[in-house]
Amino acid sequence: MSSKSAAAPWVWIVSGPSGSGKTSLCEALLADPVWGCRLQRSVSYTTRPLRTGERDGKDYHSIPKQAFLKLARKGAFLEHEEIFGHHYGTPRAAATQASRQGRELLCCVDVKGARSIRRVFPKGSTSVFILPPDLDALSQRLKKRSTESKKDIARRLERVKIELAAMRAYDYIIVNDKFSEALGQLKAVLSARRCESPYVLRSLRKAHR
């Protein structure tokens, strides 16, 4: 996209239950030599302690609760919410910053966050829901991750019902049974969307202003 269109951010929203593989798919997309140059990951703020392997500033911006709430009061987030006692928020400036660099924002968020972002960018976003093949597979993935207690896993599995009820509102749904196939489908979604008339015409209008 031309730098002249920087005033019109485009946001790709990827959601799915914990353990669906949405984060791994987004990471693989960003590591791709083609899409990695076109996308910029939105790094969320959180009050949750970083898990093993997560890096501050890359995976999340980990900050104290009071600092998070102060940012929320100032309107610094596109969306924010509390999940299992921890706060999460998508920085409002991320989309504009990505656009200024000639990139599009990639947001890996839950269904509530996705709904909020779509309200901000009703004609400038595409949403993709990552669906696990079944609940048994989801449970096994959460247990294999070994970053949460049995109680946390049970709560996340209960939350899946709410998340699955929201997936009909998404533009695309990808079943992540085989990772390589799901990644290929995600790339196909991005490619197809960028060729649709509204997307192309919108880009051309901004480029010729």
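Let us look at the structure shown here. (Residues numbered from 1 in each chain as written. Predicted model: local features only at pLDDT ≥ 70, side-chain atom pairs only at ≥ 80, totals over all residues. Heavy atoms only, no water.)

Below, the discussion takes up the overall build of the protein. When its secondary structure is counted, the protein shows 8 helices and 9 strands. Residues counted as buried form 45% of the 209 residues belonging to the protein. Once local pairs closer than 6 in sequence are excluded, the contacts in the protein between residues at least 24 apart make up 69%. Carbon and sulfur atoms make up 53% of the accessible area of the protein, which amounts to about 11100 Å² in all. (Helix = DSSP H or I, 4+ residues; strand = E, 2+ residues; numbered from the N terminus. Buried < 20%, exposed > 50% of the residue type's maximum accessible area, 1.4 Å probe, protein only. Contact = heavy atoms within 4.5 Å. Areas by Shrake-Rupley, 256 points an atom, 1.4 Å probe, with all protein chains shown as cover.)

Let us look at the environment of Arg-118. If you trace the backbone, Arg-118 turns up in helix α4 (residues 111–120). Along the primary structure Arg-118 and Val-11 are separated by 107 residues, whereas in three dimensions their C-alpha atoms are 8.8 Å apart. In contact with Arg-118, other than residues within four places in its own chain, are Ile-13, Ser-125, Ser-127, Ala-169 and Tyr-170.

All right, on to the packing of aromatic side chains then. Counted by the stated rule, this structure contains 6 aromatic pairs. Considering the side-chain rings of Trp-10 and Tyr-199, the 4.8 Å spacing of their centres and the 70 degrees angle between planes classify their relative orientation as edge-to-face. With Trp-10 in the segment before β1 (11–15) and Tyr-199 in helix α8 (residues 197–207), the pair connects residues that are 189 residues apart, well separated along the chain. The same class applies to Trp-10 and to Tyr-199, which are both buried. (Phe/Tyr/Trp six-rings, centres within 6.5 Å; stacked < 30°, edge-to-face > 60°.)

Strand pairing in a sheet relies on backbone hydrogen bonds, with the paired strands running either antiparallel or parallel. With mixed pairing, 4 strands are arranged side by side in an open sheet as β4-β3-β6-β5. Taken across any chain shown, the strands that pair with only one partner, and hence form the sheet edges, are β4 (61–62) and β5 (77–83). Sheet topology note: the strand β3 (residues 45–46)/strand β6 (residues 86–91) ladder contains 2 bridges and is antiparallel. The residue bridging Thr-46 from the neighbouring strand is Tyr-88, located in β6. (Pairing = 2+ DSSP bridges.)

Moving on, we get to the sheet that holds β1. As summarised here, the arrangement of the 5 strands in space is β2-β7-β1-β8-β9, forming an open sheet in which the pairing is parallel. If you trace the sheet from one side to the other, it starts and ends with β2 (39–41) and β9 (172–175), each paired once. Neighbouring strand axes in the sheet, compared pairwise and without regard to direction, differ in orientation by 25 degrees on average. Where β1 and strand β7 (residues 104–108) come together, 4 bridges link them in parallel fashion. From the neighbouring strand, Trp-12 faces β7, where its bridge partner is Leu-106. Against the sheet, helix α3 (residues 93–100) touches β1, β2 and β7, its axis set at about 145 degrees to β7. Its contacts with the sheet place helix α7 (residues 179–195) against β1, β2, β7, β8 (125–131) and β9, and it is angled at close to 165 degrees to β9. (Axes fitted to C-alpha atoms, helices over the stretch in contact; angles between N-to-C directions.)

As a further point, take the pattern of salt bridges. Evaluated as defined, the whole model comprises 6 salt bridges. With a closest N to O distance of 3.8 Å, Arg-41 and Asp-59 form a salt bridge. With Arg-41 in strand β2 and Asp-59 in the loop between β3 and β4, this pair connects stretches of sequence that are 18 residues apart. You can call Arg-41 partly exposed: its relative accessible area is 23%. Where salt bridges share partners, they join Asp-171, Arg-193 and Glu-196 into one cluster. (Salt bridge = Lys/Arg side-chain N within 4 Å of Asp/Glu carboxyl O.)

Moving on to helix α1 (residues 22–31). Inspection of α1 places Lys-22, Leu-25, Cys-26 and Leu-29 among the buried residues, and these make up the whole buried set. The arc that holds every buried residue of α1, seen down its axis, measures 100 degrees, which confines them to one face. Where α1 is buried, its residues meet β1, β2, β7, β8 and α7. (Arc of directions from axis to C-beta.)

Residue placement: Lys-22 occurs in helix α1. Buried within the structure, Lys-22 lacks any salt-bridge partner; Glu-163 is the closest side chain of opposite charge, at an N-O distance of 6.1 Å. One polar contact links the side chain of Lys-22 to the main-chain carbonyl oxygen of Gly-16, over a distance of 2.9 Å. Apart from residues lying up to four places away in sequence, Lys-22 is in contact with Val-14, Ser-15, Gly-16, Pro-17, Cys-108, Val-109 and Ile-130. (Lys, Arg positive; Asp, Glu negative; His and termini not counted. Polar contact = N/O pair within 3.5 Å; in protein donor to acceptor, adjacent residues only side chain to side chain.)

Interpretation in functional terms is not warranted from these geometric data alone.
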